[in-house]
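Spelled out from the first residue to the last, the chains are:
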Amino acid sequence: GGSGQVPGPFVPWTLALSQLPGPSPEAAFALVALLGSLAALTLWHALRRPFGDFGAFAAGLALATSPWNVLYTVSTFTVNLGALPIAVAVLAALRVRQRPTATWTATLLVASALMVQVHLSAPMIWIALAVLAAPGLRRVPWSGVAAGLAGIAILHVPLLLSEIDSAGANRKSLLAAPPTE
């Protein structure tokens, strides 16, 4: 790939929240660590019903103590923010599987869209989410689909405006072939 940026404003907007009290790299690091902890708790909560307390605890602990979370939370790498939308999407997919509601359907769609703003490998996770949610997908309310699509559109408006303003420079850069020697 080229030198393009990951599409969308989720990462810079999220990190900007940590700078509201004043500029501080430590505040950004703390926010990343806090969001990672929230992701582990969300995953634990999501997995309690299907895997029991021990299975959910083991999964949450594995996420919280994974090398990426332990070694790199003192940085603001884009992918460090990826665990939270993934954990929320897993929770939503399991809820859609059990009893699809408009809220969980919209949450699943929006969280899935946020993933691609963190890492471009998100479509691989979407496959797993589709498998998780599959039993409930035929019963999802259209109002949830509409709300989710509206949320996705709102989240991607800044990217679309940027691409229009730059004549698609970021998209072209992301799709560019790596330089050859």
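Preceding this section is the structure that the text describes.
Just so it is clear, the model here is predicted, and its values are computed rather than measured.

A closer look at helix H5 (residues 102-118)
(1) Moving on: Under the 1.5 Å per step criterion, the end-to-end length of H5 is 25 Å for 17 residues, consistent within 8% with the ideal 24 Å.
(2) Moving on: On the buried face of H5, the contacting elements are helix H1 (10-17), helix H4 (83-98), helix H6 (122-137) and helix H7 (142-165).

Let's talk about the packing of aromatic side chains
(1) Moving on: Considering all chains together, one arrives at zero aromatic pairs under this definition.
(2) Moving on: The cationic tip of arginine 95 hangs over the ring face of tryptophan 104; the distance from NZ or CZ to the ring centre is 5.9 Å.

Remarks on the packing of helix H2 (residues 25-64) against H4
(1) Moving on: Two elements in contact, H2 and H4, have axes separated by 8 Å at closest approach and are oriented at 30°. Here H2 is positioned roughly parallel relative to H4, judged by the angle of their axes. For the pair H2 and H4, the crossing hand works out as left-handed. Residues Leu35, Leu38, Ala39, Thr42, Leu43, His45, Ala46, Leu47, Arg49, Pro50 and Leu63 of H2 lie in contact with H4, whose contacting residues are Ala83, Leu84, Ala87, Val88, Val90, Leu91, Leu94, Arg95 and Gln98.
(2) Moving on: Residues belonging to the contact of H2 with H4 are distributed by class as follows: 15 nonpolar, three polar and two charged.

A word on the layout of surface pockets
(1) Moving on: Put simply, the second largest pocket is a space of about 220 Å³.
(2) Moving on: Taken together, Val96, Thr105, Leu108, Leu109, Ser112, Trp126, Leu129, Ala130, Ala133, Leu137, Val140 and Val145 make up the lining of the second largest pocket.
(3) Moving on: Where the lining of the second largest pocket is concerned, the elements lending two or more residues are H5 and H6.
(4) Moving on: When residues in the lining of the second largest pocket are grouped by element, the largest group, five residues, is from H6.
(5) Moving on: Within the lining of the second largest pocket, the residues separate by chemical class into 10 nonpolar, two polar and no charged.

Some remarks on the pattern of salt bridges
(1) Moving on: Applying the stated rule across the entire model yields one salt bridge.
(2) Moving on: The closest approach of N and O atoms between aspartate 53 and arginine 48, which form a salt bridge, is 3.1 Å.
(3) Moving on: According to the relative accessible area criterion, aspartate 53 is exposed, its value standing at 51%.

Each value, and the rule that gives it
- Residues numbered from 1 in each chain as written.
- Predicted model: local features only at pLDDT ≥ 70, side-chain atom pairs only at ≥ 80, totals over all residues.
- Heavy atoms only, no water.
- Helix = DSSP H or I, 4+ residues; strand = E, 2+ residues; numbered from the N terminus.
- Expected span 1.5 Å × (residues − 1).
- Contact = heavy atoms within 4.5 Å.
- Phe/Tyr/Trp six-rings, centres within 6.5 Å; stacked < 30°, edge-to-face > 60°.
- Lys NZ or Arg CZ within 6 Å of the ring centre and 35° of its normal.
- Axes fitted to C-alpha atoms, helices over the stretch in contact; angles between N-to-C directions.
- Parallel < 35°, antiparallel > 145°, perpendicular 65-115°, else oblique.
- Left-handed = near helix turned anticlockwise from the far one by under 90°.
- Nonpolar A, V, L, I, M, F, W, Y, C, P; charged D, E, K, R; others polar.
- 1 Å grid on protein atoms, 1.4 Å probe; cavity = no way out; pocket = protein on both sides within 12 Å on 5 of 7 lines; lining within 4 Å.
- Points joined across faces, edges and corners; volume = space filled by probe spheres on them.
- Salt bridge = Lys/Arg side-chain N within 4 Å of Asp/Glu carboxyl O.
- Buried < 20%, exposed > 50% of the residue type's maximum accessible area, 1.4 Å probe, protein only.

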